[in-house]
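Examining the three-dimensional arrangement
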Amino acid sequence: MYYWKRILRRWLQFRSEASGLVTGFQLLIVNLVYISQLRSSEENRLVVIVDSWREAVLLWLLWACKVLPRYNVWVIRRAGHLDSYVKTDFDGELLMIATSKVFTKHYQLLAELRRQQRLIIL
């Protein structure tokens, strides 16, 4: 009996976590559409920061289907990767968009960018 309760508890946990990830990605897509409508093509210095190759591939597919305009995508799996990417940002010209999951995972590095108003968290 305990075995089935444990399986049920794990299933419910998986459903709630998956639902949160899907909702967060949907909000990212909707906000990228709005941002693309507000920004001109000359202001296309925007970077989307995600922590999953699956999310990056989905974004690239949406760009290939012309649903979203083409932006740079940074897939950050470790804090060291983020630090090297941020150093390549020349003179702070890039506006960065990060999901809340990425922000909480790499808070120490991204908090300074948010303070400088160079980072949008969705």
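Located above this text is the structure these notes cover.
Let us look at the structure shown here. (Residues numbered from 1 in each chain as written. Predicted model: local features only at pLDDT ≥ 70, side-chain atom pairs only at ≥ 80, totals over all residues. Heavy atoms only, no water.)

Focus: the packing of aromatic side chains
Filter applied, for reference: Between 30 and 60 degrees the pair is tilted, below 30 it is stacked and above 60 it is edge-to-face, where a pair is any two Phe, Tyr or Trp rings, Trp via its six-membered ring, whose centres lie within 6.5 Å. By the criteria applied, helices consist of DSSP H or I runs no shorter than four residues and strands consist of E runs no shorter than two, each listed in order from the N terminus. Relative accessibility under 20% of the residue-type maximum defines a buried residue, over 50% an exposed one, and the middle range a partly exposed one, all with a 1.4 Å probe and only protein chains included.
Scanning all chains against the criterion turns up five aromatic pairs. Seen in terms of ring centroids, Trp 11 and Phe 14 are 5.6 Å apart; in terms of plane orientation they differ by 35 degrees. Their pairing is tilted. Within this pair, Trp 11 and its partner Phe 14 are both found in helix α1 (residues 2–38), separated by three residues, close to a single helical turn. Centre to centre, the rings of Trp 63 and Tyr 71 are 6.2 Å apart; their planes meet at 85 degrees, and the pair counts as edge-to-face. Given a relative accessible area of 3%, Tyr 71 falls into the buried group.

Some details on the sheet that holds strand β3 (residues 95–98)
For the record, the criterion: In this scheme, strands are said to pair when DSSP sees at least two bridges between them. Between N-to-C directions, angles span 0 to 180 degrees; the directions come from axes that are lines fitted to C-alpha atoms, helices contributing only their stretch in contact. Contacts between residues were defined by any pair of non-hydrogen atoms, one from each residue, lying within 4.5 Å.
Within the open sheet, the four strands sit side by side as β2-β1-β3-β4. Their pairing is parallel. The open sheet has two edge strands with one neighbour each: β2 (72–75) and β4 (119–121). Averaged over all pairs of adjacent strands, the angle between their axes in this sheet comes to 25 degrees, without regard to strand direction. Judged from the four bridges that link them, strand β1 (residues 46–50) and β2 form a sheet pairing that is parallel. In the strand pairing of β2, Val 47 is matched with Asn 72. Lying on the sheet, α1 is in contact with β1 and β3; it crosses β1 at an angle near 175 degrees.

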